[in-house]
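# Coordinates in review
Here is how the chains run, residue by residue.
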Amino acid sequence: MPELPEVEIVKRSLKNNIENKKIKKVIIKNRNLRFKIHKKFENILKGKFIINVQRFSKYIILTLDNNSYCLIHLGMSGTLHILNNNKKKVITNLSFYHSPNLPKKHNHVHIIFDKFKIIYNDPRRFGFLKLIETPNKLRGFFSNYGPEPFDETFNISYLKSKLNYKSKNIKNYLLDQKFVSGIGNIYASEILFNSKINPQRSSGHLTQEDYKNIIFFSKKVLNNSIKKGGSTIQNFKNTKGYSGSFQKEFKVYDRENEKCLKKNCKGIIKKIVISNRSTFFCDLCQK
DNA sequence: AAGAGGCCCTGATAGC
DNA sequence: TGCTATCAGGGCCTCT
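Keep in mind that this is a model prediction, so the values were computed, not measured. (Residues numbered from 1 in each chain as written. Chains lettered and ligands numbered in written order. Predicted model: local features only at pLDDT ≥ 70, side-chain atom pairs only at ≥ 80, totals over all residues. Heavy atoms only, no water.)

## Description of the packing of helix α1 (residues 4-18) against helix α7 (residues 208-227)
Where α1 contacts α7, the axes come no closer than 8 Å and their chain directions differ by 40°. Considering their axes alone, α1 and α7 lie oblique with respect to each other. In this structure, α1 crosses over α7, and the sense of that crossing is right-handed. Residue-level inspection shows L4, P5, E6, E8, I9 and R12 of α1 in contact with α7, the latter providing L222, S225 and I226. For the contact of α1 with α7, the residue count by class is 5 nonpolar, 1 polar and 3 charged. (Axes fitted to C-alpha atoms, helices over the stretch in contact; angles between N-to-C directions. Helix = DSSP H or I, 4+ residues; strand = E, 2+ residues; numbered from the N terminus. Parallel < 35°, antiparallel > 145°, perpendicular 65-115°, else oblique. Left-handed = near helix turned anticlockwise from the far one by under 90°. Contact = heavy atoms within 4.5 Å. Nonpolar A, V, L, I, M, F, W, Y, C, P; charged D, E, K, R; others polar.)

## Examining the pattern of salt bridges
In this structure the tally under the stated criterion is 14 salt bridges. Across the salt bridge formed by E42 and R31, the nearest N and O atoms sit 2.8 Å from each other. With a gap of 11 residues between them, E42 in helix α2 (residues 41-45) and R31 in the loop between β1 (25-28) and α2 connect regions that are remote in the sequence. Exposure remark for E42: the relative accessible area of 19% places this residue in the buried category. Where E148 meets R55, a salt bridge forms, and the shortest distance between an N and an O atom there is 2.8 Å. (Salt bridge = Lys/Arg side-chain N within 4 Å of Asp/Glu carboxyl O. Buried < 20%, exposed > 50% of the residue type's maximum accessible area, 1.4 Å probe, protein only.)

## Examining the environment of N17
Mapping N17 onto the fold places it in helix α1. Sequence separation of N17 and I118 is 101 residues, and the distance between their C-alpha atoms is 9.7 Å. Of the polar contacts made by the side chain of N17, one reaches the backbone oxygen of S13; its length is 2.8 Å. (Polar contact = N/O pair within 3.5 Å; in protein donor to acceptor, adjacent residues only side chain to side chain.)

## Thoughts on the packing of aromatic side chains
One pass over the full model with this rule turns up 18 aromatic pairs. Note on Y59 and Y145: the rings are 5.8 Å apart at their centroids and 90° apart in plane angle, and the pair reads as edge-to-face. In this pair, Y59 is assigned in strand β3 (residues 59-64) and Y145 in the loop between α3 (135-142) and α4 (156-163), connecting sequence segments 86 residues apart. Aromatic pair Y173 and F179: ring centres 5.4 Å apart, planes at 75°, arrangement edge-to-face. Neither Y173 nor F179 differs from the other in exposure class; each is buried. Among the aromatic residues, those joined into a ring-pair cluster are F35, F56, Y59, F128, F141, F142 and Y145. Lying over the aromatic face of Y173, K168 brings its terminal NZ or CZ to 4.4 Å of the ring centre. (Phe/Tyr/Trp six-rings, centres within 6.5 Å; stacked < 30°, edge-to-face > 60°. Lys NZ or Arg CZ within 6 Å of the ring centre and 35° of its normal.)

## What about the nonpolar core?
One finds L159, L174 and F179 to be the most contacted residues of the largest nonpolar core, which totals 38 residues. Elements with a minimum of two residues in this core: α1, α4, α5 (170-175), α6 (185-194), α7 and β11 (277-282). With 7 residues, the single largest contributor to this core is α7. Membership of the second largest hydrophobic core comes to 36 residues, among which are F41, I50, I111 and F128. (Core = buried A, V, L, I, M, F, W, Y, C linked by side-chain atoms within 4.5 Å.)

## Quick word on the protein's contact with DNA strand B
Close to DNA strand B lie 12 residues, the nearest being H106, P123, R124, R125 and K168. Sugar plus phosphate, as a fraction of atoms of DNA strand B within 4 Å of the protein: 65%. At 3.1 Å from a phosphate oxygen of DNA strand B is found a main-chain nitrogen or oxygen belonging to K168. Partitioned by chemical class, the residues of the surface near DNA strand B number 3 nonpolar, 5 polar and 4 charged. (Near = heavy atom within 4 Å.)

## With respect to the sheet that holds strand β9 (residues 128-132)
Taken in spatial order, the 4 strands make up an open sheet running β2-β3-β4-β9, and their pairing is antiparallel. A single partner strand is all that each edge strand has here, and the edge strands are β2 (50-56) and β9. On average, adjacent strands in this sheet sit at an angle of 20° to one another, irrespective of strand direction. Here β2 runs beside β3; their pairing, made up of 6 bridges, is antiparallel. Note on β3: the bridge partner recorded for N52 is T63. Running at roughly 170° to β2, α1 makes contact with β2 and β3 of the sheet. Helix-sheet contacts for α3 involve β2, β3, β4 (69-73) and β9, and the interaxial angle to β4 is about 25°. (Pairing = 2+ DSSP bridges.)

And the structure:
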């Protein structure tokens, strides 16, 4: 599900709720996520204060009061829910995939605080929670990741150094977290549409102008989405609580056979598969 | 070594 | 209605 903007929205809500709160207890119903949750996970979290909530790329980073960290990655279908301890009612829903009510199944991890609890739900179990023991190990973990589009190091000379003479198509590069962090399948299509670049273009053949557009629109598309509260693909009736609206602004994603929205363009949006992922673009205005 | 594709998993939807 | 096939926002691993 979640790309950088969605994770950013979840992080902000989470930050408001759990920063400087003490973890009373952790209950794990199912350890078999993308990676098996460590057997000491519950004991290590128990009694710790969460002194900071941050995000890098698609990861939520909880800093604990002993300078260790708990990473949360939502994978494709992970959601977080904040529930009142007693009434079992959802207080705040950090959901972008499900209805705002707590799903009945797949509530794998319960992190219990004094007056409320956080529940990690994930039907497909592509997400994971991971403990990192020290600041050094945290740096090590993220050292394999490229800069976020907002980072000043994501600039023309960086793109040139990474993309020059490369045959891999540009869409795959945007999805490659070692190249740039936080972009997923939806925003890759959107960024390339805005940049007027065909997703199949071989990266080595991009021009300076293309680099500039990729840098500019990566920031712009992600920022716009954050402003709109992210994207909620699955829409439910009677939706309450947090639910993004950026999907209403998709220019190409999930718009196969619809008209290109670029002014004066007569194109029809095409859907192709690149490395097993759906890719949407207009072959008239994206060259 | 770079790059393409398979695979992990469940659930929603489309088509018959 | 009920079956089956296809697809889904991520990312690691393997093979060529």
